[in-house]
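If you want the building blocks of each chain, they are given just below.
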Amino acid sequence: VQLQASGGGLVQAGGSLRLSCAATTRDFRSYRMAWFRQGPGKEREFVASIDRGVGATAYSNSAKGRFTISRDNAKNTLYLQMNDLIPEDAAVYYCAADRGIISSMRGVPGAYNNWGQGTQVTVSS
């Protein structure tokens, strides 16, 4: 599967952005999908995941209540709606996909074999 992330940009604190991740595959619904982010000098960290089909979602503590992950299987697209953005949310955001991940590993970057190129999110204070 090939992944193409988009939607990043510059936003003021308190603002919103919606990221998209277009997947090139005939079997998008079979993939567990996730968003990760990596700030300057930081390790890549889990943001949110969504299970196969229209499945269960999971969020990091920092994303919970502000971000919403969703998928449109008809469009082969993953989304991340980000509201109430804060400067600490600034990072390169990556989408990831894999078929074989068990639930306990969904927040582990190394468990995903397929990654998009990343989209930059900048939040001004």
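The following paragraphs examine the structure supplied in this document. (Residues numbered from 1 in each chain as written. Predicted model: local features only at pLDDT ≥ 70, side-chain atom pairs only at ≥ 80, totals over all residues. Heavy atoms only, no water.)

A short note on the overall build of the protein
We count it as follows: Here a helix means four or more residues in a row that DSSP labels H or I, a strand means two or more in a row labelled E, and each is numbered from the N terminus. Restricting the calculation to C-alpha atoms gives the radius of gyration, and the globule rule supplies 2.2 Å times the number of residues raised to the power 0.38. For each residue, the accessible area found with a 1.4 Å probe, counting protein chains only, is set against the maximum for its type, and the residue is called buried under 20%, exposed over 50%, and partly exposed in between. In what follows, residue pairs with any heavy atoms lying within 4.5 Å of each other are defined as contacts. Values of accessible area rely on a 1.4 Å probe in the Shrake-Rupley scheme; residue burial ignores everything except the protein chains shown. The positive count covers Lys and Arg only, the negative count covers Asp and Glu only, and His and the chain ends enter neither. For the purpose of locating charges, the reference atoms are NZ of Lys, CZ of Arg, CG of Asp and CD of Glu.
Scanning the protein for helices and strands turns up 0 helices and 11 strands. In sequence order, the protein lays out its α and β elements as β-β-β-β-β-β-β-β-β-β-β. Here the C-alpha radius of gyration of the protein, 13 Å, is about what a compact globule of 125 residues would show, namely 14 Å. Taken over the C-alpha atoms alone, the protein extends approximately 40 × 25 × 25 Å along its principal axes. Going through the 125 residues of the protein one by one, you find that 46% of them count as buried. Residue pairs at least 24 apart in sequence account for 58% of intrachain contacts in the protein once pairs closer than 6 positions are excluded. Split by element, the accessible area of the protein, about 6,200 Å² in all, is 47% carbon and sulfur. Looking at the protein, you have 14 positive and 9 negative side-chain charges, and the mean spots of the two groups are 6 Å apart.

Some details on the state of the cysteines
Applicable threshold: The disulfide criterion used throughout: a pair of cysteine sulfur atoms within 2.5 Å.
In the structure shown here, the tally under the stated rule is 1 disulfide. In this model Cys21 forms its disulfide with Cys95; the gap between the sulfur atoms is 2.1 Å. The disulfide joining Cys21 to Cys95 has a torsion of about 70° about its S-S bond and is therefore right-handed. One end of the pair, Cys21, is in strand S3 (residues 17-24); the other, Cys95, is in strand S9 (residues 91-98), and 74 residues separate them in sequence. Here Cys21 matches Cys95 in class, with each residue buried.

Comments concerning the sheet that holds S3
Definition in use: When DSSP finds two or more bridges between two strands, those strands count as paired. Axes here refer to lines fitted to C-alpha atoms; in helices the fit is confined to the stretch in contact. Angles between the N-to-C directions go from 0 to 180 degrees.
Here 4 strands make up an open sheet; going across it, the order is S1-S3-S8-S7 and the pairing antiparallel. Sheet topology places strand S1 (2-6) and strand S7 (67-72) at the edges, where each strand pairs with a single neighbour. Averaged over neighbouring strand pairs, the angle between their axes works out to 15° when direction is ignored. By the bridge criterion, 6 bridges tie S7 to strand S8 (residues 77-82) in an arrangement that is antiparallel. From the neighbouring strand, Ile69 faces S8, where its bridge partner is Leu80.

A few points about the side chain of Asn73
Operational definition: Two N or O atoms form a polar contact when they lie within 3.5 Å of each other; inside protein one atom must be a possible hydrogen donor and the other a possible acceptor, and for residues adjacent in sequence the pair counts only when both atoms belong to side chains.
Examined against the element boundaries, Asn73 turns out to sit in the loop between S7 and S8. Separated by 2.9 Å, the side chains of Asn73 and Arg71 make a polar contact.

Quick word on unusual backbone geometry
With a phi angle near 55°, Asn76 is a residue other than glycine that sits in the positive phi range. Given a relative accessible area of 18%, Asn76 falls into the buried group. The phi dihedral of Asp84 is positive, around 50°, even though this residue is not glycine. Along the polypeptide, Asp84 turns up in the loop between S8 and S9.

These figures come from the coordinates and say nothing about function on their own.
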